[in-house]
Amino acid sequence: MTTINTITILGSGVMGHGIAQVASTAGYNIVLRDIEQTLLENAMNKIKWSLGKLVEKQKISQDDANSVYGRITPVVDLKKALQDSDLLIEAVPEDLELKKKVYAEVEKYVEDKTLYASNTSTLPIGELASLTSRPSRFIGLHFFNPPQLMPLVEVIPSRFTDNDTVSIALDLIKKMGKDPVLCKKDVVGFIVNRIFIPLVHEAAYCLERDNAKMTQIDSAVKFKMAAPMGIFELADYTGLDVIHKASNEMASRDKRVINPNPLIERLFSKKKFGQKSGTGFYDYSGEDKYGRIKLSETEAEQYEPITLVAIVANNAAWLLSNGVCDRNDLDKALRLGMGFKKSPFTLAEEFGLKRVVSTLENLSNKYGEFYEPDILLKKMSLG
Ligand code: CAA
């Protein structure tokens, strides 16, 4: 079995630099590769900031922080970045054309021993694996933002992935101190994004349809749906460029997975990407790297998030009905990947399963098949 010592991370953005930090913390030697030196400098600064926070909170010592930082080598030259690499983790933007180019270039320099992983959040792993010379040694390793704090990693084998690669991946994720959930089917959005991305679009519909304010919806999501952040806040935090790309990729493969809201397209085309660009759903002018929106229980009382509960429960039911995961893994994935403190089905029970199903039926009569309740949810509502 392959022993992993050196890991090359391709892409130093939000996910790439976070994964580099996490893997370095576990003791691996990391090569962080991006196409420009300035991007790498920016990434290394973010790693420094994050390590500083962890030292401040006494999660690690200053000496350890220095070692973690020191084990990460930023590199622009791809050939050099792939030298002696045991594993490459691709974390470039979620754009199939771009990924095709990256894998074609990688193929020129990659060594025989190197395993491939992609941190894609939505693209089918089998499709990416087919772009390479070793589909059986290719696996999805989907980390969550911020990788430094979120314990979940979805591990997604494709139909080509061999058992050895799955074992190595599960072992590696555990060594990184993360909790893996095996996604049994290579479906678009895997487990968490099947819930998260459609929820962002739906919340944007709720703004108009329910004539609600963003902070009312977000407060309700946080205080009535037991989430750590509001959904608009989370979208801004994740990046609307990421969400826009993920939405398009998901919708192009399965029309029923997302009901695209034009507001996402509008924000994206105005380059309002969220925190990283200073505006998104909210305005972050004056905020430094990490800003939070003021949400309150008083505002939560002003909005009933039944539609959002229904969308979450419906997609959760779809995942179970289609054998992507079982209920335990679903709950675990949402708890560790999005910080949801309650299972979607517990939430649906609290709001009333019959009410959840009738909400979906009303929406599907008005707005089409995206809202049709999953058969499992219907069964559950009958007791
Ligand atoms: N490294 C180190 N520390 C960090 C950090 C990082 N990268 N990011 C934030 N922190 C720090 C904050 O600065 C803050 O420090 P202070 O107390 O000194 O201010 C501390 O962590 C805690 O932050 P908060 O006070 O904001 O508290 P929180 O309890 O809400 O925790 C959170 C923050 C972990 C991000 C939490 O809000 C959370 O779980 N949010 C949901 C995140 C989520 O759903 N991620 C998944 C997005 S979807 C995705 O990633 C998939 C995809 O493919 C698109």
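Residues numbered from 1 in each chain as written. Predicted model: local features only at pLDDT ≥ 70, side-chain atom pairs only at ≥ 80, totals over all residues. Heavy atoms only, no water.

Engineer: Would you explain the sheet that holds strand β5 (residues 115-118) in this entry?
Structural biologist: In any sheet, the strands associate via hydrogen bonds between backbone groups, in a parallel or an antiparallel arrangement. Spatially, eight strands are ordered β3-β2-β1-β4-β5-β6-β7-β8 in an open sheet, and the strand pairing comes out mixed. Of all the strands in the sheet, just β3 (72-75) and β8 (179-182) have a single pairing partner and so form its edges. Taking each pair of neighbouring strands and ignoring which way they run, the sheet shows an average axis angle of 25 degrees. The sheet contact formed by strand β2 (residues 29-33) and β3 spans four bridges and is parallel. Along β3, the bridge assignment pairs L32 with P74. (Pairing = 2+ DSSP bridges. Helix = DSSP H or I, 4+ residues; strand = E, 2+ residues; numbered from the N terminus. Axes fitted to C-alpha atoms, helices over the stretch in contact; angles between N-to-C directions.)

Engineer: Please clarify how the packing of aromatic side chains should be interpreted in this entry.
Structural biologist: Both the distance between ring centres and the angle between the ring planes are used here to describe each pair of aromatic rings. In total, this model carries seven aromatic pairs according to the counting rule given. Centroid distance Y103 to F138: 5.7 Å. Interplanar angle 55 degrees. Geometry classified as tilted. Taken together, the residues Y103 in helix α5 (residues 96-109) and F138 in strand β6 (residues 138-143) connect sequence positions 35 residues apart. The ring of W318 has R194 sitting right over it, with the charged end atom 3.5 Å from the ring centre. Here the guanidinium or amino end of R209 rests over the ring plane of Y367, the centre of that ring lying 3.5 Å away. (Phe/Tyr/Trp six-rings, centres within 6.5 Å; stacked < 30°, edge-to-face > 60°. Lys NZ or Arg CZ within 6 Å of the ring centre and 35° of its normal.)

Engineer: Before we go on, may I ask you to explain the packing of helix α8 (residues 192-209) against helix α10 (residues 231-238) in this structure?
Structural biologist: The angle between the axes and the distance between the axes are what describe a pair of packed helices. It is at 9 Å that the axes of α8 and α10 come closest, and there the two elements cross at 125 degrees. Put simply, α8 runs oblique to α10. The hand of the α8/α10 crossing is left-handed. Contacts between α8 and α10 pair F196, L199, V200, A203, A204 and L207 from the former with I231, F232, L234, A235 and T238 from the latter. (Parallel < 35°, antiparallel > 145°, perpendicular 65-115°, else oblique. Left-handed = near helix turned anticlockwise from the far one by under 90°. Contact = heavy atoms within 4.5 Å.)

Engineer: Teacher, can you tell me more about helix α1 (residues 14-25) here?
Structural biologist: An α-helical turn contains 3.6 residues, so a residue and the one three or four places further along point in the same direction. Between its first and last C-alpha, α1 extends 17 Å over 12 residues, near the 16 Å set by a 1.5 Å rise per residue. Burial of α1 is extensive: 10 of the 12 residues sit out of reach of the surface. Of all the positions in α1, only M15, G16, H17, G18, I19, A20, Q21, V22, A23 and S24 are classed as buried. (Expected span 1.5 Å × (residues − 1). Buried < 20%, exposed > 50% of the residue type's maximum accessible area, 1.4 Å probe, protein only.)

Engineer: Looking at this structure, how should I read the pairing of β5?
Structural biologist: Both faces of the sheet carry side chains from a regular strand, because those side chains alternate between them. Residues of β5 alternate between two faces, with L115 and A117 on one and Y116 and S118 on the opposite face, all of them buried. Bridge count for strand β4 (residues 87-90) against β5 is four bridges, and the pairing is parallel. Within the sheet, the bridge partner assigned to I89 lies in β5 and is A117. Read as a crossover between parallel neighbours, the route from β4 over α5 to β5 is right-handed. One ladder, built from three bridges, connects β5 with β6; its direction is parallel. Across the sheet, Y116 pairs through a bridge with F138, a residue of β6. (Right-handed = clockwise from strand over helix to strand, strands pointing away.)

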